[in-house]
Amino acid sequence: MERVSKSLKSVFLGLIGLGLLMVIIFETGLIIPGGWESDKTAEFPVLTVMELLTVALIPLALYLFRIPLVHRELMGSPETSLRKWGLVRMLMIGVLMVANTLFYYLFMNASFGYLAIICLITMAFVYPSLQRCKQETTEEEPQGE
């Protein structure tokens, strides 16, 4: 379980690092931001799709381990399933964060920046600590009153 946690942590940090690297590249002027700023006809559909994806995928990623099919798989073969589904969950949020960051700098539209920040905050809720990995692969016992 510790290896799975470490590999998921590396993906977690890699996605955040990729977003941070983009910020550094654009903010230092290595790539000039706002290259697509004047293309408002492209901005609207991209913004609409990114808003819909963000609003749909964040709750799905947070609920993913409670879906019966995924939950059964996590209980049946914990390490293999956790590696697979943990990666899927992290990529659902992380790819959105990176894409929204990129679109923020290409279009210079604050909405993309806000969506990227929301994804970054959401990443904290899926941090793959060893304790969380163990908790998500063990059956919860019902609590009696």
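These notes cover the structure that comes with them. This is a predicted model, so every value here is computed, not measured.

## Brief notes about the packing of aromatic side chains
Point 1. As enumerated under the stated definition, the model contains 7 aromatic pairs in all.
Point 2. Between the aromatic rings of Trp36 and Phe107, the centroid separation amounts to 5.5 Å while the plane-to-plane angle is 65 degrees, which identifies the pairing as edge-to-face. Taken together, the residues span a long stretch of sequence, with Trp36 in the loop between α1 (2–27) and α2 (40–63) and Phe107 in helix α4 (residues 78–107) at a distance of 71 residues.
Point 3. On the basis of an interplanar angle of 75 degrees and a centroid distance of 4.9 Å, the ring pair of Tyr104 and Tyr105 is categorised as edge-to-face.
Point 4. Classification of Tyr105 as buried rests on a relative accessible area of 5%.
Point 5. Following the ring pairs from residue to residue traces out a cluster consisting of Trp36, Phe103, Phe107 and Phe112.
Point 6. When the ring centre of Phe65 is taken as origin, the NZ or CZ atom of Arg89, which lies over that ring, is 3.9 Å away.

Rules and cut-offs
- Residues numbered from 1 in each chain as written.
- Predicted model: local features only at pLDDT ≥ 70, side-chain atom pairs only at ≥ 80, totals over all residues.
- Heavy atoms only, no water.
- Phe/Tyr/Trp six-rings, centres within 6.5 Å; stacked < 30°, edge-to-face > 60°.
- Helix = DSSP H or I, 4+ residues; strand = E, 2+ residues; numbered from the N terminus.
- Buried < 20%, exposed > 50% of the residue type's maximum accessible area, 1.4 Å probe, protein only.
- Lys NZ or Arg CZ within 6 Å of the ring centre and 35° of its normal.

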